[in-house]
Structures are given as structure tokens and as C-alpha cells.
Amino acid sequence: MIALLIIFLLVFPIFLLLTRRRSSAKGLPPGSLGIPIIGQSLAFLHAIRSNTAEQWLELRARKYGPISKLNLFGKPTIFIHGQAANKLVFSSDSNSISNQQTQAITLILGDRSLPNLTGQDHRRVRDALLSFLKPESLKKYVGKIDGEIRQHIEFHRQGKEQVTVMLVALCFPKVLPLMKTLTFNIICSFLFGLERGKQRDQFLGGLQDMIKGAWAENEVLISDDEIVHNVMLVMVAGHDTSAILITFLMRLFANDPAVYAAVLQEQEEIAKGKQRGEFLTWEDLAKMFPPIFGGFRKALKDIEYGRYVIPEGWQIFWVASVTHMDDTIFPEPSKFDPSIFENQASIPPYCYVPFGAGPRICPGYEFARIETLVAIHYLITHFKWKLLCSDNFFSRNPTSFPSKGLPVQITPKKIL
Ligand code: HEM
């Protein structure tokens, strides 16, 4: 204890001296680095857990403006947001800003997974992934995804009917776990050709344990490590994100009758043109319309940003949600209004970035869009649902998790 106190007393003045000197000499952004090592990490983690992370960041943004310094997870950090910030993060060349993962993520996903690769290596592995995640490849699999969704819902429906006392209504105790196994099944079947059965069940157990603590032919060979690490990445990236998106959409539809009615009408038009049991196609989807909070980068050299400098070696924390909630860009940002996306050209560049932008933009974007649309189409045209939990609370762990996993009661519609 005494040794720790002595180290602290020795290190703290040097730390203050260094940061103050840099601050005046190089124009560090406003803000405080707080107590060495701990900084604002505990306060931020607490805000994440208690569903107040957005307010926590917005408070900082109001106090310090679009750029500020703080200390997160033991590293001096620059928190930036807004259109110019997103442009800087997503369009800077890899000599100025590099991707940065926490040590835990690198340990889980492996050091050859895409977020850890740069330059030529990043392009090579990303091209291999995109060869089957691009729209032309996905088009062929819309029917297969549709089949997987129907099978999944039917499977859980039959199981529940045997245990429920209600004959008509069926209870899905929690949407989120159900959606997580759904997105897992879709990825297994579509991306890795792993069909239902014991092997897939074992894989799900392994993946869930891992979260707790593919390839097409290519001219340049992909190493075994790159294959394994990126299979893990795709499983993790595609499993949680889309499941959360579908879960929150179901909650929004249940809470907003006007939006529900508009989506229902649109989806029923599509369903009308189909025979009973006929699967959706790419052409059907063409007629229709943030699980990820933000991320970290690292400054590889001093970067001038407005009146300030982002010093070499510092962590950059970009947060998409602060820009998405900016009412100078999106009027009434808290209102769920999908119609604002009807005219994509009206949204200024780098302002709507739930999938990132630039060379690291999410390669699973189209895949996520398709599975979400197909799942919502099937759910809204075949079932009615009612929320069984009245509060709108959700926390992050680290991805969003609605109250009690969003319990709902689902009633099958009479399909003529
Ligand atoms: C609603 C669903 C999803 C959202 C909101 C989302 C969002 C994101 C974001 C914000 C990034 C980081 C971009 C950056 O660091 O600049 C990312 C990266 C990534 N996503 Fe997604 N994602 C989703 C679904 C998926 C799916 C379904 C897959 C795979 C099938 C996937 C695979 C990846 C991969 C491999 C990366 C790393 C890209 C790279 O470093 O080049 N994502 N995603």
C-alpha cells in the first residue's frame, strides 16, 4: 500500500507536468485526464451499464464542444463527434490514424482478424470476405435466409404451444435471446454451410462461451490463422448486431402504432403477391427501406484538428450516436421516423454512420439489412405481438440489451 502511494506521488506530478506542457505548447483540446490510469473509465462504464452513456457523452459534448480529452481504459483519449470528426476518423489514411482494438478483443478474435489488419493485408482479407458478402452474392440466398427464419420461428412456436395453457396466444418469453439464435443459425447455414444438428448446437455453445470472456477462392492465399480469426469475427459481428436491431425494431413497432401500420401495409403488399409458403426474393426486398455505439482508433502522428492537436499515440474515441442525435442535422432525432431515409441525398455526408464509413465500413451491411428485412417481413405479416414489460429501459453489456430481454406475447395471425 505504502509502495503504491509512493509510486502515485512520484508519477502524478510528472503526469500533470507532461499533460499541462503539451496542453499549452500544442493546444490540447479542453477536458481533464482525471486520476492517472483510472481517469473517467469507471464513470463511463457505470453510464454504459445504467443506460445513460448517451447522456454522459452529450453532457461532455455540451461542456467541452466537439472535441475534448479524457482518460479511458488507461489511455489518454480524444473524444470527437460530429460530421468533421467522422470524416477525419473514416477517411484519414492509414499513416495518420490506425484502427485500435482493446487487448481483450484482440485476445478473443485473434490478431489476424480484420480490425487488427492494416494496409495491403487488410485489403486482401477484406476482399475475400466481400466476395461472398457483396449484394450480387447475397441476392441468390434471400430465399434460403427466408426459409431459415420460418423454420426457426416455427420450431420455437411449436415448443411453446405444448407448454402454454393459452391455446391461441403463444408466448416468446424473450425476443433478444431468440433473435440471437436466429442470427446465429442464419450465419451458420448461409456463410458456413453448417446445417441444423448436433454440430451446430455445439458450435453455438462454444461461441456463446467465447463471447463471455470463408472463404471464396482468392488469388493471394489467406493463411489458416486469418481464416480462423475472421470466421470468429464474422460470427461475433453478425450475431449480436442484427439480433439487437431486430429486437429493438419489434419494440419500436409495438410502441408506435402509426409506424407499425405503415410497415404492415408495405409488407402485406409484398406478401399478397406470393403463394402460401413461397419465399421472398431479392426483387421483393428492393421495394423496402445503432447496435454499435462507436469505436477506437489511434493517432500515428500529431494531427491538427481545428484549433487543437490530437497527439501522436493517443486513443481516438469516435461515437456515432452523438452525431445521430444532433438536432441541427436530424430534426426531432429521438422520434422513430423511417421516412427521413427515403431521400438519402438529403443526409449530409458522414452524418449517418451506424455502419462506419470509408475503407473499414462494415462489410456485413447488406447481409444485416437482408436478414433484418426478411425477419421483420415474416414476423409482421404472420404474427401480432404485445410487449409484456412496460418500461423502455435498456443497458449495454457492451451491446444493447432491453429490459429482461424484451418479453413479448406473440399471437399468430390467421393466414388465408
Ligand atoms: C445491424 C448490424 C450491424 C451494424 C450496425 C454493424 C456496424 C459495424 C461498424 C460500426 C463497424 C466498424 C467500422 C469501423 O471501425 O470503421 C463494423 C465492422 C465490421 N462488421 Fe459490422 N455491423 C453489423 C452487422 C454485421 C454483420 C451481419 C457482419 C458479417 C456478416 C459484420 C461484419 C463486420 C466486419 C467483418 C467488420 C470489420 C471491418 C473492417 O475492419 O474492415 N457486421 N460493423
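Just so it is clear, the model here is predicted, and its values are computed rather than measured.

Some words on helix H3 (residues 53-64)
So, point 1. Here H3 spans 17 Å end to end across 12 residues, near enough to the 16 Å set by a 1.5 Å rise per residue.
So, point 2. Looking at the buried residues of H3, the elements they touch are helix H2 (41-49), strand E1 (67-72), strand E2 (75-80), strand E8 (315-319), helix H14 (320-324) and strand E10 (394-396).
So, point 3. In the segment just after H3, Gly65 is the residue with positive phi, at about 95°.

Some words on unusual backbone geometry
So, point 1. Phi is positive for Ile37, close to 65°, though the residue is something other than glycine.
So, point 2. Note on placement: Ile37 falls in the loop between helix H1 (2-26) and H2.
So, point 3. Here Ile37 falls in the exposed class, since its relative accessible area comes to 66%.
So, point 4. For Phe73, which is not glycine, the phi dihedral falls at a positive 55°.
So, point 5. Mapped onto the fold, Phe73 is located in the loop between E1 and E2.
So, point 6. Overall, the relative accessible area of 36% leaves Phe73 in the partly exposed class.

Focus on the sheet that holds E2
So, point 1. Strands sit in the order E1-E2-E8-E5-E3 across an open sheet of 5 strands; the sheet is mixed. Sheet topology places E1 and strand E3 (97-99) at the edges, where each strand pairs with a single neighbour. Sheet twist, expressed as the average angle between the axes of neighbouring strands with direction ignored, equals 35°.
So, point 2. In this fold H3 packs onto E1, E2 and E8, with an angle of close to 135° to the strand it touches most, E1.

Re the UniProt feature "binding site: heme" (unreviewed entry) in the chain
So, point 1. With numbering matched to this structure, UniProt assigns "binding site: heme" (unreviewed entry) to Cys362.
So, point 2. In this structure, Cys362 sits in the loop between H14 and helix H15 (365-382).

What about the pattern of salt bridges?
So, point 1. Taken as a whole and judged by the stated rule, the model has 4 salt bridges.
So, point 2. Between Asp121 and Arg112 there is a salt bridge; the shortest N-O distance is 3.1 Å.
So, point 3. Using a relative accessible area of 29% as the deciding quantity, one classes Asp121 as partly exposed.
So, point 4. Overall, Arg112 belongs to the partly exposed group, its relative accessible area being 24%.

As for the site of the ligand
So, point 1. Near the ligand lie 25 residues; those nearest to it are His122, Arg126, Arg297, Arg360 and Cys362.
So, point 2. Taking His122, its side chain carries an N or O atom lying 2.7 Å from an oxygen atom of the ligand.
So, point 3. Here an oxygen atom of the ligand and a side-chain polar atom of Arg360 are 3.1 Å apart.

Quick look at the pairing of strand E9 (residues 383-387)
So, point 1. Burial along E9 is one-sided: Phe383, Trp385 and Leu387 are buried, and none of Lys384 and Lys386, which face the opposite way, are.
So, point 2. Judged from the 5 bridges that link them, E9 and strand E12 (residues 408-412) form a sheet pairing that is antiparallel. The residue bridging Phe383 from the neighbouring strand is Pro412, located in E12.

Topic: the environment of Arg297
So, point 1. Tracing the backbone shows Arg297 in strand E5 (residues 294-299).
So, point 2. Spatially, the C-alpha atoms of Arg297 and Gly313 are 9.9 Å apart, while their sequence positions differ by 16 residues.
So, point 3. Setting aside anything within four residues of it in sequence, one finds Arg297 in contact with Val89, Phe90, Ile97, Ser98, Asn99, Gln100, Trp314, Gln315, Ile316, Trp318 and Arg360.
So, point 4. Separated by 2.9 Å, the side chains of Arg297 and Asn99 make a polar contact.

Conventions adopted
Residues numbered from 1 in each chain as written. Predicted model: local features only at pLDDT ≥ 70, side-chain atom pairs only at ≥ 80, totals over all residues. Heavy atoms only, no water. Helix = DSSP H or I, 4+ residues; strand = E, 2+ residues; numbered from the N terminus. Expected span 1.5 Å × (residues − 1). Contact = heavy atoms within 4.5 Å. Buried < 20%, exposed > 50% of the residue type's maximum accessible area, 1.4 Å probe, protein only. Pairing = 2+ DSSP bridges. Axes fitted to C-alpha atoms, helices over the stretch in contact; angles between N-to-C directions. UniProt positions renumbered as here; feature names shortened; annotations may be inferred. Salt bridge = Lys/Arg side-chain N within 4 Å of Asp/Glu carboxyl O. Near = heavy atom within 4 Å. Polar contact = N/O pair within 3.5 Å; in protein donor to acceptor, adjacent residues only side chain to side chain.

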